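Take a look at the letters that make up each chain.
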Amino acid sequence: MKARRKFDKSMILPFIICTVYALTLVYPFVYLLIGSFNTPLNFISDPLGIPKEFQLQNFKDVLFRLDEITYDENLSLAKMFLNSITLSVGLTLISMALQSMGAYVLAKYDFRGNKAIYLTIIIASMIPTVGSLPATMRLMTSAHLTNTYIGMLCLQSGAFGGCFLYLHAYFKSISWSYAEVAMIDGASDFSVFTRIMVPLAGKAIKTYGIICFLGFWNDYWLPSLFYNEHPTLAVGLTYIQTYATSQANYPLLFAAMITIIVPVLILFACFQKQLLGSVAEGGLKE
Amino acid sequence: MTMNPSIKKKTTPREKKRRIFIVSMLALPVLQWLVFFAYVNINSVLMSFQSISYSTGKITWTLKNYTRFFNELTQLPYIRGALKNSFIAGLNNLLLVLISLILAYFFYKKIPGRSIFRVVYFLPSIISIVVYTMVFKFIFDTSIGPINIVLQKLGVEATNLPAWFGDTHLAFPLIMLYCLWVGTGYNIIILGAAMENLPESVMEYSKLEGVGKFRELFQIVIPMIWPTLSVAFLGCITVMFSLFIQVSLLTGGGPGNSTYTVAYMVNSLVSGYSSDLEWGATMGLCFTVIAAPMVIILKKILDKVGEHFGC
């Protein structure tokens, strides 16, 4: 919008459509936000109305007393937040590390089996597998990995999914001459990787890392199956919903929802450009 | 390929070290893949031929799961219903791609406020699906939802108000609406980026020739971004066979079995208490047998169209 051009009349209808659509995406959160200041009784009697008085009780309850209210010690906001953070940070770090390692070696070293590994990965990722979850469940339970942190790491730190192909292409595009110079100076393969190649690919690793992190942070299905004794925010929210709807205490649920999305919105506001940019880049290279 | 061959041939200690390096870098990734992808997928084939006694845990090898699948497919309506719903979900995703394409084209044509729209449309991709499905359910809630309250204020009799998620005919269309509602953002970013990469000269030419907007979209833009677009079209088959979290969070397959999809049937067996995992693995395999050729055929068709466009 920097260079304001002459107003294009054919854009009026599209503009109206786009605005209405944007409002439908935002309005529900206004409804949640207003409701979250209400009392349960007032809300039920007039769900669309403005609360008679804005009270902060729901947010205080969500922040400090969620476990007391729901009679479930796992559902304290601090605990769920901690579960979400440890899980998504751990998963992001480990899976980015493994992906970079795998992608780098396959992209830069010529050895027997390289092509075979690469092709196997590509072909395997193209087969649409509908039902591998039952077998995954069998594996996780028989190896006693359910509800363990290490189990979640093993399950989700796959190096050949997600951004492997992009990182592979990225490492391929980096010139090998830096490495050659360093090796003449006596640097080992490992230090070339950590000291030269990773910093050179730093931007790509960082942006895919953010995408990975958001995916893990928002993930619901795998934590709900394999980590449900340590509810993350997304999983815990479904438990809170069950409690709140049974008690008709919607404002509490709304306050919980708002509290949970605020950190994500802040993160998005900070990294918006990078994030949208890397999503676009990822799509183009496919 | 990028290595210096002189280093590779002369120094054996160096070469040895390098081998150790390669192996140690690849060990964990390959091991993880072998266990959680290869083993799991091979085991799901084996599981489909197994029957496990709950009391003794003894495994017997059998074709029982497959005969059950064909019996239930032919005699009970629910698997066919799930197949039909999944097919609709795939078509719905096609619609989503087309809507996103048009929206992305508006953005490309510099619609006012596009930077705000782009961010707002992307919100559902960064906010947890748990939150957005809850929000969507509230909108259509029969007691506290804004839609029914507004309908009531407009004079619709309380008995005539739609039951939305409680109605077997409305529940699945609502899930489809949800997918459209939250799905545009991601597609707009990717398709939009492909459009931004188009050579300026082509667009200048169409401007000089006075080509209308819709002709420009269909005759110039679509053929030129075809590689990106065909990835999005291929995604329709993925959606067809993988849509289930939305179903699980919005309706739990109900009311009745009206919102079953194939992936929901397979995956809900894992989370449920019954957890007949062998039956889930069997269904999954049967559906994979349907899905795999569809992907290959669609890919062939899309490539043919691409050749026609000269990509």
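A count of helices and strands for chain A gives 15 helices and 0 strands. Relative to the globule expectation of 19 Å for 286 residues, the C-alpha radius of gyration of chain A, 24 Å, shows a markedly less compact shape. The principal-axis extents of the C-alpha atoms in chain A amount to approximately 75 × 65 × 40 Å. Among the 286 residues that make up chain A, the fraction classed as buried is 52%. Summed over all atoms, the accessible surface of chain A reaches about 13900 Å², with 66% contributed by carbon and sulfur. Mean positive and mean negative side-chain charge positions of chain A (19 and 16 charges, respectively) differ by 13 Å.

Our focus in this paragraph is the pattern of salt bridges. Residue and element names in this part refer to chain B. According to the stated counting rule, one finds 9 salt bridges over all chains in the structure shown. The salt bridge involving Arg-19 is made with Glu-15; its shortest N-O contact spans 3.5 Å. Remark: Glu-15 and Arg-19 occur in helix H2 (residues 12–47); sequence separation between them is 4 residues, near one turn of the helix. For Arg-19, a relative accessible area of 56% gives the class exposed.

A few words on a nonpolar patch on the surface. Residue and element names in this part refer to chain B. Judged by side-chain polarity, Ile-42, Val-45, Leu-46, Phe-49, Ile-59, Trp-61 and Leu-63 come together as a nonpolar surface patch covering roughly 660 Å² of accessible area. The set of elements that each furnish at least two residues to the nonpolar patch consists of H2 and strand S2 (59–61). Take the nonpolar patch: its biggest share by element is 3 residues, from H2. For Ile-42, the position within the fold is in helix H2. Taking the relative accessible area as the measure of exposure, Ile-42 reaches 52% and is therefore exposed.

Another point: the packing of aromatic side chains. In the structure shown here, the tally under the stated rule is 48 aromatic pairs over all chains. On the numbers, 5.2 Å between centres and 85° between planes, the contact of Phe43(A) with Phe254(A) is edge-to-face. Within this pair, whereas Phe43(A) is found in helix H2 (residues 40–45), its partner Phe254(A) is found in helix H15 (residues 250–285), the two being separated by 211 residues in sequence. Residue Phe43(A) shares its accessibility class with Phe254(A), and that shared class is buried. Between Tyr104(A) and Phe171(A) the ring centres are 5.3 Å apart and the planes differ by 70°, which places this aromatic pair in the edge-to-face class. Highlighted residues: Tyr104(A) in helix H5 (residues 77–108) and Phe171(A) in helix H9 (residues 164–173), separated in sequence by 67 residues. Take Tyr104(A): its relative accessible area is 0%, and that puts it in the buried class. Aromatic ring contacts, followed pair by pair, group Phe29(A), Tyr132(B), Phe136(B), Phe140(B), Trp164(B), Phe165(B), Tyr178(B) and Trp181(B) into a single cluster. Over the ring of Trp279(B) we find Arg68(B), and its NZ or CZ is 3.8 Å from the ring centre.

Procedures and definitions
In this convention, every chain numbers its residues from 1, walking through the sequence in written order. Written order determines the labels here, with chains lettered from A and ligands numbered from 1. Thresholds applied to this predicted model are a pLDDT of at least 70 for local features of residues and 80 or more for the giving and counting of side-chain atom pairs; totals over whole chains, interfaces and linings are not thresholded and use all residues. Hydrogens are left out, water is left out, and the side-chain values use all remaining heavy atoms of the structure. Segments assigned H or I by DSSP are reported as helices when at least four residues long, segments assigned E as strands when at least two residues long, and all are numbered from the N terminus. The globule rule is 2.2 Å times the number of residues to the power 0.38, and the radius of gyration it is compared with is taken over C-alpha atoms. Burial classification: accessible surface area is computed with a 1.4 Å probe over protein chains only, and a residue below 20% of its type maximum counts as buried, one above 50% as exposed, and the rest as partly exposed. All accessibility values rest on the Shrake-Rupley procedure with a 1.4 Å probe; residue burial counts only the protein chains present in the view. Neither His nor the chain ends is counted toward charge; the positive residues are Lys and Arg and the negative residues Asp and Glu. Every charge is mapped onto a representative atom, which is NZ of Lys, CZ of Arg, CG of Asp or CD of Glu. Salt bridges, as used here, are contacts in which a Lys or Arg side-chain nitrogen is within 4 Å of a carboxyl oxygen on Asp or Glu. Every patch collects residues that have over 30% relative accessible area and no salt bridge, joining them within 9 Å if they carry like charges and within 5 Å if they are nonpolar side chains (Val, Leu, Ile, Met, Phe, Trp, Tyr). Each pair of aromatic rings taken from Phe, Tyr and Trp, with Trp reduced to its six-membered ring, is defined by centres within 6.5 Å and is described as stacked if the planes are under 30 degrees apart, edge-to-face if over 60, and tilted in the remaining cases. Working rule: Lys NZ or Arg CZ, within 6 Å of ring centre, within 35 degrees of ring normal, means a charge sits over the ring.

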